[in-house]
Amino acid sequence: MKITHESSVTPEQIDHLGHMNVRFYGVNARAGTLALLAGLGRSANDTRLDDIYTRHFTEQTEGAALEVHTAILGASPTRTTLSHELHNVETNVVA
């Protein structure tokens, strides 16, 4: 897996329970996808996102430093299958 995106949890990403809102897990995965595509010479304009499946393991709180680890699981001329893991940098736990 390759680190494709780094970020931290900001106050505006926190939900009413004090955790990172679920949509920001997707925001980080998309940023990892776009970074990987850019590294392959492709852009979001020539790529269609078909499906995204998300599993949450641990809640992230304000200030947590995060990394998106990305792997290419398969590729063809018309399809690329990726796997992203969002890691908390300080604990090295998958989010």
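Everything below is about the structure printed above this text.
Presented here is a report on the structure given in the accompanying data block.

The rules behind each value
- Residues numbered from 1 in each chain as written.
- Predicted model: local features only at pLDDT ≥ 70, side-chain atom pairs only at ≥ 80, totals over all residues.
- Heavy atoms only, no water.
- Buried < 20%, exposed > 50% of the residue type's maximum accessible area, 1.4 Å probe, protein only.
- Helix = DSSP H or I, 4+ residues; strand = E, 2+ residues; numbered from the N terminus.
- Expected span 1.5 Å × (residues − 1).
- Contact = heavy atoms within 4.5 Å.

1. What about unusual backbone geometry?
Piece 1. Residues other than glycine seldom take positive phi values, yet N92 does so here, at roughly 55 degrees.
Piece 2. In this structure N92 comes out as exposed when scored by relative accessible area, which is 56%.

2. Considering helix α1 (residues 23–39)
Piece 1. Between its first and last C-alpha atoms α1 spans 25 Å; for 17 residues at 1.5 Å apiece the expected length is 24 Å, and the two agree.
Piece 2. For α1, the set of buried residues is F24, Y25, N28, A29, G32, T33, L36 and L37.
Piece 3. Buried-residue contacts for α1 involve β1 (2–8), β2 (65–75) and β3 (80–88).
Piece 4. G41 lies just past α1 and shows a positive phi near 80 degrees.

3. Things to note about the side chain of T33
Piece 1. Among the secondary structure elements, T33 is positioned in helix α1.
Piece 2. When near neighbours in sequence (up to four residues on either side) are disregarded, T33 contacts L82 and H84.

Note that every value here comes from positions in space, so none of it alone points to a role or purpose.
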